[in-house]
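Descriptive structure summary
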Amino acid sequence: MRNLSRRIFILGGLTTVGTATLQLGAAAQSSAAATPFPFTLGVASGEPDESSVVLWTRLAPTPTNADGQGGMPNADVAVDWQVSASQSFATLVSSGTVTARYAQAHSVHVLAGGLAPDAEFYYRFRAQGFVSPVGRTRTAPAKTAVGRDFTMAFASCAHYEQGYYTAYRRMADDRPDLILHLGDYIYEGGATAGALRQHLGSEIVSLADYRRRYALYRSDPDLQAAHAIAPWLVVPDDHEVENNYANMVRADSSPVLTAAQWTARRTAAYQAYFENMPLRAASTPSGNSIPLYRRVRWGTLATFHMLDTRQFRDDQACGDGTKVCADADLATRTITGTAQESWLLDGLGQHLSTWDLIGQQVFFARNVNSAGAMNMDAWDGYRASRARIQQGIIDRAVRNPVVLTGDVHASWGNNLKADYANPSSATIGSELVCTSITSGGNGTTTTAIPNGSLNPHLRFYSDRRGYVRTHITPSQLTADFRSVATVTEHGAAATTAGTFVIHDGQPGLADA
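Residues numbered from 1 in each chain as written. Predicted model: local features only at pLDDT ≥ 70, side-chain atom pairs only at ≥ 80, totals over all residues. Heavy atoms only, no water.

If you tally the helices and strands in the chain, you get 6 helices and 26 strands. Its C-alpha atoms give the chain a radius of gyration of 22 Å, within 12% of the compact-globule value 24 Å for 512 residues. Principal axes of the C-alpha set define a box for the chain whose edges measure 70 × 55 × 40 Å. Burial status across the chain gives 59% buried among its 512 residues. Pairs at least 24 apart in sequence give 71% of the contacts found in the chain among residues at least 6 apart. (Helix = DSSP H or I, 4+ residues; strand = E, 2+ residues; numbered from the N terminus. Rg over C-alpha atoms; globule rule 2.2 N^0.38 Å. Buried < 20%, exposed > 50% of the residue type's maximum accessible area, 1.4 Å probe, protein only. Contact = heavy atoms within 4.5 Å.)

Glancing now at helix H6 (residues 383-395). The end-to-end C-alpha distance of H6, which contains 13 residues, comes to 18 Å, matching closely the 18 Å that a straight helix rising 1.5 Å per residue would cover. Every buried residue of H6 is accounted for by Arg383, Ala384, Ser385, Arg386, Ile389, Gln390, Gly392 and Ile393. Here the buried face of H6 lies against helix H5 (338-348), strand E18 (374-375), strand E19 (401-405), strand E20 (411-417) and strand E21 (427-433). Where H6 ends, the next residue or the one after it, Ala397, has phi of about 50°, a positive value. (Expected span 1.5 Å × (residues − 1).)

Okay, the packing of H5 against H6 next. In contact at an axis separation of 10 Å, H5 and H6 are set at 20° when each is read in the N-to-C sense. Relative to H6, the element H5 lies roughly parallel. Taken as a pair, H5 and H6 cross one another with a handedness that is right-handed. Across the interface between the two elements, Glu341, Leu344, Leu345 and Leu348 of H5 pack against Ser385, Arg388, Ile389, Gly392 and Ile393 of H6. Of the residues belonging to the contact of H5 with H6, the class tally is 5 nonpolar, 2 polar and 2 charged. (Axes fitted to C-alpha atoms, helices over the stretch in contact; angles between N-to-C directions. Parallel < 35°, antiparallel > 145°, perpendicular 65-115°, else oblique. Left-handed = near helix turned anticlockwise from the far one by under 90°. Nonpolar A, V, L, I, M, F, W, Y, C, P; charged D, E, K, R; others polar.)

So, about the sheet that holds E21. With mixed pairing, 7 strands are arranged side by side in an open sheet as E14-E15-E17-E19-E21-E20-E22. The sheet terminates laterally at strand E14 (294-298) and strand E22 (458-462), the two strands that pair on one side only. Each neighbouring strand pair of the sheet contributes to a mean axis angle of 20°, computed without reference to strand direction. With 4 bridges connecting them, strand E17 (residues 355-359) and E19 associate as parallel partners. The residue bridging Leu357 from the neighbouring strand is Val402, located in E19. Strand contacts of H6: E19, E20 and E21, with the helix running at about 125° to E21, the strand carrying the most contacts. (Pairing = 2+ DSSP bridges.)

Next up on the list: the side chain of Gln224. Structurally, the position occupied by Gln224 is in helix H3 (residues 221-229). Leaving out residues up to four positions away in the same chain, Gln224 has contacts with Thr40, Leu41, Gly42, Arg218 and Ser219.

The next point concerns the packing of aromatic side chains. Tallying each qualifying case throughout the model produces 21 aromatic pairs. Geometrically, the ring pair formed by Phe150 and Phe304 is edge-to-face, given 6.4 Å between the ring centres and 85° between the ring planes. Within this pair, whereas Phe150 is found in strand E11 (residues 150-155), its partner Phe304 is found in strand E15 (residues 302-306), the two being separated by 154 residues in sequence. The two residues Phe150 and Phe304 agree in class, both being buried. With 4.8 Å between their ring centres and 70° between their planes, Trp412 and Tyr461 make a pair best called edge-to-face. With a gap of 49 residues between them, Trp412 in strand E20 and Tyr461 in strand E22 connect regions that are remote in the sequence. No difference in accessibility class separates Trp412 from Tyr461, as the two residues are buried. Taken together, Tyr160, Tyr165, Tyr168, Tyr185, Tyr214, Tyr217 and Trp232 form an aromatic cluster joined through their ring pairs. Against the face of Tyr160 rests Arg197, its NZ or CZ located 4.0 Å from the ring centre. (Phe/Tyr/Trp six-rings, centres within 6.5 Å; stacked < 30°, edge-to-face > 60°. Lys NZ or Arg CZ within 6 Å of the ring centre and 35° of its normal.)

Now for the pattern of salt bridges. Side chains that differ in charge, positive against negative, can pair when their charged atoms come close. In total, this model carries 27 salt bridges according to the counting rule given. Measuring nitrogen to oxygen at the nearest pair gives 2.9 Å for the salt bridge that ties Asp511 to Arg459. Placement of the pair is Asp511 in strand E26 (residues 506-511) and Arg459 in strand E22, with a sequence separation of 52 residues. A relative accessible area of 56% places Asp511 in the exposed class. Among the ionic contacts, a cluster of salt bridges with common partners joins Asp237, Asp238, Arg310, Arg313 and Asp377. (Salt bridge = Lys/Arg side-chain N within 4 Å of Asp/Glu carboxyl O.)

This paragraph deals with the environment of Gly505. Examined against the element boundaries, Gly505 turns out to sit in the loop between strand E25 (494-503) and E26. On the basis of relative accessible area, Gly505 is assigned to the partly exposed category, the value being 36%. Put simply, Gly505 and Leu330 are 175 residues apart on the chain and 32 Å apart in space, counted from C-alpha to C-alpha. Setting aside its immediate chain neighbours within four residues, Gly505 contacts Arg399 and Asn400.

A few words now on unusual backbone geometry. Glycine aside, residues mostly have negative phi, and peptide bonds are mostly found in the trans state. At the junction of Ser254 and Pro255, the peptide bond is cis and its omega measures out at -5° in the coordinates. The phi dihedral of Arg175 falls on the positive side, at around 50°, and the residue is not glycine. Tracing the backbone shows Arg175 in the loop between helix H1 (166-173) and strand E12 (178-181). With relative accessibility at 32%, the residue Arg175 sits in the partly exposed group. Although it is not a glycine, Cys318 adopts a positive phi angle of roughly 55°. Residue placement: Cys318 occurs in the loop between E15 and strand E16 (322-323). You can call Cys318 partly exposed: its relative accessible area is 38%.

Okay, the confidence of the model for the chain next. In this model, the chain carries an average pLDDT of 94, and 93% of its residues clear a pLDDT of 70 or more. pLDDT under 50 marks residues 1-32. Its contacts with residues more than four places away, or in other chains, come to 72 contacts. (pLDDT = per-residue confidence, 0-100.)

Considering all chains together, one arrives at 1 cavity of 30 Å³ or more under this definition. Counted as a void, the largest cavity has a volume near 30 Å³. Every residue lining the largest cavity is listed: Leu307, Leu344, Ile358, Gln360, Phe364, Trp379, Ile389 and Val403. Tallied by class, residues from the lining of the largest cavity come to 7 nonpolar, 1 polar and no charged. (1 Å grid on protein atoms, 1.4 Å probe; cavity = no way out; pocket = protein on both sides within 12 Å on 5 of 7 lines; lining within 4 Å. Points joined across faces, edges and corners; volume = space filled by probe spheres on them.)

Here it is in structure tokens:
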């Protein structure tokens, strides 16, 4: 690959920059001859507000090296970056140089500021004489403006071994304005014999392990396409650390770890998560925790309340699993922690926008089976916590609360009820649950709602893989449950398995 003249690309052929002359500094050119192409993990952006966005890349010429450093030398590297309103980069609106540090696995988080609101931009990097792929991003509308109607997609659960990332590619094809990822971006388990494609090594524990795992996932071109097409808002779930962990409590003892080793593992997991996501500096980890619950405004049209239901939760009741469990009703139990719960209710009470969108990890509405059992890892295992938030929504007269959820590897569309034991009680909000990108494999054609007669507030179900695409206007939110027929083969088309509408001021799903 020829240095400095590498054709800049985006999204597998969406566009090329052409003959633009780079106006980047030359500080990094001297090492080009000795270093292979470092942008193998692509580019990303995230956390948009009305004047800025985070730009991300990570230098990794050989991304899956066992030391987690991606083949980079033990030295810091200067990285130039540019933002332009055009794909030709003929005129720059923002630019600069940032240092990619060895101690941070040469990850780069640039806060590109001074941008116009509600506008589209293109960005790229250069380091060691190489130019990165080009990414597309955009800013939010001004806080006092409704802005244009916009398209937002959300996804979760992308087990690398269980399928190809066709759904990520189809999200990119839709050219959304914003993408939410609601957790299980990586999986922590070791290689599975006979899997469609395999993890490297055993279950990940160390910082090098986690960095290498992110590098493996981020090497996928379909995932890179989804990152490059739009800014992302991300929150992790459990598998970014360990399956079904709760605060400082592990779900099992495999692999065997001392308390200190478990703390070190959680520290490493969140360090690697920050390094590999387009997060603002405010989310920099501290010790074994990472500050992630936050509010993101999209003008007066929408407010995203991004929750963290892993770091502060009580341990799953009755030993986890699907159980009949009276302890799940204990008033003291919490899935958010007290501080985050107050923060959420305060934000909902501010009525900042037409739509209050709560991005979070696990199934929110009640889902009971014929034995009366519920999932202790979901909000059904923290019923008093859910009741406090739902009552808070009622008390604050929140106009359009919509919970956005991942985790369960199937698509669901749910109404939130004031009293789940009384189907005729008021519908106080809506829940849209995305299926997985790959987790669980191809799925089935089943659309029959499991235990539907026991849960009449559950309106839709699909067992295929995919994502949810929403089109949001001041008068309605339209949700398309997008799915692909197969993830064990590349290139499946995405189709719409179901479409629902939520009308302004009318909580609950209506037929489209």
